[in-house]
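What the coordinates show
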Amino acid sequence: MPINYILPEFEVRRDYDRCICCRVCERQCANLVHRYDEDAGKMLSDESKCVDCQRCVTLCPTRALKILKNENSFRENGNWSARTMTEIYRQADTGGVLLSSMGNPSEMPVYWDRILINASQVTNPSIDPLREPMETRTYLGAHPSEMRRDAEGRLITSLPPHLELDVPIMFSAMSYGSISYNAHESLARAAAELGTFYNTGEGGLHEDFYKYGPNTIVQVASGRFGVHKAYLEAGAAIEIKMGQGAKPGIGGHLPGKKIVGDISRTRMIPEGSDAISPAPHHDIYSIEDLRQLVYSLKAATEYKKPVIVKIAAVHNIAAIASGVARSGADIIAIDGFRGGTGAAPSRIRDNVGIPIELALAAVDQRLRDEGIRDRVSLVAGGSIRSSADAVKAIALGADAVYIGTAALLALGCHLCRSCHAGKCNWGIATQEPELAKRLNPDIGYARLVNLVTAWNREIKEMMGGMGINSIEALRGNRLMLRGVGLTEKELEVLGIKHAGE
Amino acid sequence: MKRVYVNEKWCLGCHLCEYNCAFAESGLSDMVKALKGRAIRPRIRVEERGNVHYAVSCRHCGDPVCVKGCLTGALAVKDGAVTVDRKRCVGCLTCVALCPYGAISPSEDGPMQKCELCLETAAGTPACAAGCPNGAIVYEER
Amino acid sequence: MLREGENGNRIPSGCAISGIFSRDGERISGEKVMRSIELMHDRSNGLGGGFAGYGIYPEYRELYALHIFYNDRAAKDDCEKFLEEHFDIADQAKMPVQRNPRITDVPLIWRYFVEPLHTKLAESQLDADEYVARCVIRVNSELAGAYIFSSGKDMGVFKAVGFPEDVGRFYGLEGYSGYCWTAHGRYPTNTPGWWGGAHPFALLDFSVVHNGEISSYDANRRTIEMYGYKCGLLTDTEVMTYIVDYLVRRKGLTLTEMASVMAAPFWSTIEGMPEDERERHAYLRRVFPGLLVTGPFSILLGFSGGIMALNDRLKLRSLVAAEKGRTVYFASEESAIRVVEPSPDRVWSPGGGEPVIFTLDKGASSCR
C-alpha cells in the first residue's frame, strides 16, 4: 500500500457537551465527513475529507462544531511551507497539473489597504447624503468627439450605445457550468432589481434567463460556447473575453462530468465532453483581428449594443489597453491577478498577472496621456472587497467595478476553494441537483441586493465626506487618495501622493 | 389564516425543523439543556426517500376529520387552528389513524400532539419556519 | 516662497469676488470696483488680489494685450526672444505701477500689444486665438521665470500678492476705463508668495474670478489636460477657465450649454424637465462627465462683450446680483454692491446652477 503523504488539512472539533446528535451536520456535508455511530451513541468525524466549507458549523443549532487548522505540523521552515511541500507530494502522487479555485490567496501586497481616502474640512464643506442629492448613476460607453447642430442651431443629441447603471457596481462573469442555475438566477434577478448588470461568463445563456436580457452582459470567449444570434441579441452588451485575471494567457476549463443536461445544451457541446477553451481566440492573433471581431459583433447587433473587451492585468497592460481603446471597443474591463475562477492551474493563478490597482492606474494614465480616455469607459475587477475598494478604484480612474467573489460570498460561499471538485456545499459551484438546491434564489437574490445596496449607501457616505455629490467628479480624482507605507515607485505608478503631502 | 406551508423544491432534508420544533415546545431557553440526550418527538417530521424530502405537519384543515372522529372532544378548532386539550385526550389513537397526513402522534407522556402553530410557545411564531435555512418552510396566508 | 503648482502644491482658499458690467458699454473707471472689493476686506487675508477689466485698451482693440511677470532679466530676455519669433509686437513697455509699501516682492511686469506673426500663423494652420492660446500655455509651462497672466484683446488682468484694494492702487486702476470689471480678494490657507497664483486667471479674453474650492479638481484637471491644456498652477480658477475655453471656444457650446456641463442639474431634476430640455441636458452631461464641477464655487466669467455669473448646484457660496439702470453688479456680499450703488432697482440671489448672463446691448460698442 503506497504511503499517504497528503495529511488532513483540517481538524473537526466537536464540543460533545453541546452536541445534541441532531445529525444535521451529517446530512448537510457533501464530503461525508460526519456520521452518527450507533454503538458509540455519538457523532464521529472523518477530518481527512473536510474542506472547511463551514456548512456544518453554520447549520449546527447548538454551535457545537469548529473547524481548525490541523495542528500537526512539519518542522518550521521559512522557505518550504507546509503548502509547498504538500503540493510536491501531490504531484509526485499523480503526475498532474495542480488545480485551484477562486482567487490568489498568497501574501502579495494588497494596495487597496495601503490607500486612504480624503474628507473635506473647513475650506470646503462635506455633503450630507441623507439630506442632499447624492448621485451614483453611471453610464458606460464611448463619448462622441464632435458636437453637431441642426439647422436651427440646436444640438443633435445622438449618443453611441451606453449601459446605464444605477450603482457603479456590476456582477462579474461567472459561467453557467462553473456555477449553478440557481446562482445565475440569483445574479440575474438581483441585477434587474438593482438597475445594474450581470455577466453570463463563457457558458452561454440559459433560455429561462433571456427575460433578464436587459440586465445581462453576454460574453463571447475563446471557446465561443453558446454564441449564436439570439444570444447576442438577448444581452444589453457583448463582452469579448480576451483574458481573465486569475489565469492570464489560458482559457477556461470545465471538466466533462459537469457538462450534462442544460449545461451541455446551453454551451452547444456534447454531454460529457470537456469544455476547454483555447488560450487565444483562434481568430484573434493580433490587435487588428480584435478590431474585426468588435465590428462583426456590432454589425450583427445593428450597432445597438456597446461592446466590452475584457483583458487580464499583465505587464504591458497600458499599451494593450491603448490598442483596445482604438479598436472600436466601447468599454474596457480590466481583471486583476486576485480575480476568482472555478478552476485554474495553481501555478498560473498564483504567479501570473499583476494587481488591479496598479493596472488600473497605469491604464487610466496612459489613455489620458494619449488623449483617448474619453473613447472608452473602464471597469475594474479582480478583488473588489468592499465599498471602500470601489471608491478607491473609481478615484484611480475606473468608471465602475465588477464584483465576483464578493457576490458569491453574499450567496453563501465560504472560500473553501474546492469549486473544482464540483461538490460545493452551498449550492453555488456545483451541478449536482441535490447540492444546487441549497441555493434558493429567493434568498440568494435578496442577499445580493442587500450587499450592493449597502455598498452604494457607503459609497454615498464617502462621497459626501469628500464634498462630492455626483460620481463623475470622483472618477480619476487622484488627489482624493493618499498612499501610506508605499515606495516612491508604487506611488508613482498609482499616481497618488503619500499621506502627509 | 396563516399556516405553515412547505415548498418541497427547497427542502434539503436537514431536519432542523424537527429540532427547532422540539426546542420550542420544551419551553426552555437553552437548546442543549432541552434536547441533549433525549429522543425528540417533533410535531413536524421530514419524510424522505432518495433525493426527495418533505416536512409534514398539521394542515389545520378547514373541515378536520380528526376533530370529527375524536371520541372525547379533545380535538377542537380554536380560532381556525386545530388544537388538542391534553386533559381530555384518552389516547385512543383514532385521530392518528384518521389524519390523512399523519400529522398527529403520541407525546412522551401520553396525550396526542400535533402542530399548533407555536401559538403557545415562547417563540410566538412557528419555530420550524423561522429556523428553516433554505426558505422551504414559510408561515403565510394563501 | 511656496509657489502654486511647484512640487504639486495645491492651495485651497476662501475669497471675495465682485463685478460691475455696463450693458450699454459705458466705460467706467476701476475705482468703483476697487471700492466694492475693499468693503469685503475681511474676506481676504492679503495674500492675493486682482482685477480684470474689459474695454480698457480701445486704441489697441484688435491686438492681443499680453501682461507678463518676469522673475529676472534673464527670464525677460528668453521670453522676448520667443515673442519676437511668434508675434508682431506693436508696442511694449514696463507696466505702469505706483509703488506702495503694502505690495512687496514686486517682479518685473511688462505689457506687450501683439498679433500673431503672419507667416508663422499661416504655417501653423490654426486660427489666431488657438495660436495665441498655445503660445501662452507654452511660455507658462516651459519658460521658467516668465508667466503670461493676461492674453486677451482689449482687456487685461491686473493682480498681485496683497489686499485687492492695494493691488488696484498699485496698478493705478482708477485711471483705466472699461465696460466690465471683475475683482477678487484671496484668503488662501497657505503662504504663497507668488504673484502668478493670484486671481483672476485668464486665457485669451476669458477671465475667471472664483470663490470656492472644488472637490472635483483632479478629475477635471486630468480630463482637460487631455486636450492640450497644462494646469501648472493647480488652482481651481485655472482649471475652470480652461474648461470654459475648451467648451465655448473649441467645442462651440453656448454659455448656457457650458453652464449645463459645469453645473449640470441633478438627474432627478433633468428627469422632470420637458422633453427637449431633458434630452439636451442629459446629452451634455453624458458627453462631458469629466468636466462636471462639484464642490462650492461661485464664479464671475468675463469675456469680450459680456459677463456670466454661475454658482454650484447646491449654492454653497454666496453670490448676490443687482441692477441699476443699464448697469449690473455682482458680489459675494450685498453690502459690497450697496457701497457703490446705494439704491439699486433690484437685488436678487441667483439660484444654484443657474447661469446669469449679460451681454452688451445691440448697438452698444465698447468705445464710449
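Residues numbered from 1 in each chain as written. Chains lettered and ligands numbered in written order. Predicted model: local features only at pLDDT ≥ 70, side-chain atom pairs only at ≥ 80, totals over all residues.

1. What about the overall build of chain A?
What chain A contains, in helices and strands, is 15 helices and 21 strands. When the backbone C-alpha atoms are referred to their principal axes, chain A occupies close to 90 × 60 × 45 Å. Expressed as a percentage of the 501 residues in chain A, the buried residues total 50%. Contacts spanning at least 24 positions in sequence make up 68% of the contacts within chain A whose residues lie at least 6 apart. (Helix = DSSP H or I, 4+ residues; strand = E, 2+ residues; numbered from the N terminus. Buried ≥ 20, exposed ≤ 12 C-beta atoms within 10 Å, placed from the backbone. Contact = placed C-beta atoms within 7 Å.)

2. A few points about the environment of C:Leu47
Relative to the helices and strands, C:Leu47 is located in the loop between α1 (31-39) and β3 (49-54). In the structure, C:Leu47 is positioned 209 residues away from C:Thr256 in sequence and 33 Å away in space, judged by C-alpha atoms.

3. Considering the interface of chain B and chain A
In this complex, chain B contributes 15 residues to the contact, which on the side of chain A involves 16 residues. Looking at the side of chain B that touches chain A element by element, the count peaks at 3 residues for helix α2 (residues 31-35) of chain B. Among the residues making up the side of chain B that touches chain A, the classes are represented as 9 nonpolar, 5 polar and 1 charged. (Nonpolar A, V, L, I, M, F, W, Y, C, P; charged D, E, K, R; others polar.)

4. Some points on helix α8 (residues 317-325) of chain A
Because the α-helix completes a turn every 3.6 residues, residues three or four places apart line up on one side. All names here are of chain A. Taken together, the buried positions of α8 are Ile 317, Ile 320, Ala 321, Val 324 and Ala 325. The buried residues of α8 occupy one face: seen down the axis, they fall within an arc of 140°. Against α7 (287-300), β15 (307-312), β16 (331-335) and α10 (356-369) lie the buried residues of α8. (Arc of directions from axis to C-beta.)

5. Structural notes on the nonpolar core
A:Ile332, A:Ile334, A:Leu360, A:Val379 and A:Val401 are the most contacted members of the largest nonpolar core, which totals 295 residues. Sequence-distant contacts of A:Leu360, defined by excluding residues within four places in its chain, comprise A:Ile334, A:Leu378, A:Ala380, A:Ala393, A:Leu396, A:Gly397 and A:Ala398. (Core = buried A, V, L, I, M, F, W, Y, C linked by C-beta atoms within 7 Å.)

6. Quick word on the domain arrangement of chain A
Residues and elements named next belong to chain A. When its domains are assigned, chain A resolves into domain 1 (10-96) and domain 2 (138-144 + 166-498). A separation of 33 Å is found between the C-alpha centroids of domain 1 and domain 2. At the junction of the two partners, domain 1 supplies 9 residues and domain 2 supplies 7 residues. Residues that form the side of domain 1 that touches domain 2 fall into these classes: 4 nonpolar, 3 polar and 2 charged. (Domains from an automatic or database assignment.)

7. Quick look at the packing of helix α11 (residues 387-396) of chain A against helix α14 (residues 441-466) of chain A
All names here are of chain A. Interhelical geometry of α11 versus α14 gives an angle of 55° and a closest axis separation of 9 Å. Looking at the two axes, α11 sits oblique to α14. Note that α11 runs across α14; the crossing there is right-handed. Every residue of α14 that contacts α11 at Ser 387, Ala 390 and Val 391 is listed here: Trp 455, Glu 458, Ile 459 and Met 462. Each residue belonging to the contact of α11 with α14 can be placed in one class, and the counts come to 5 nonpolar, 1 polar and 1 charged. (Axes fitted to C-alpha atoms, helices over the stretch in contact; angles between N-to-C directions. Parallel < 35°, antiparallel > 145°, perpendicular 65-115°, else oblique. Left-handed = near helix turned anticlockwise from the far one by under 90°.)

8. Regarding the domain arrangement of chain B
Quite often, the size of an interface is put as the accessible area lost when its parts meet. Residue and element names in this part refer to chain B. Along its sequence, chain B is carved into domain 1 (1-57 + 118-142) and domain 2 (60-114). Its C-alpha centre places domain 1 at a distance of 19 Å from the equivalent point of domain 2. Each partner contributes residues to the interface: domain 1 has 7 residues there, and domain 2 has 11 residues. Residues that form the side of domain 1 that touches domain 2 fall into these classes: 3 nonpolar, 1 polar and 3 charged.

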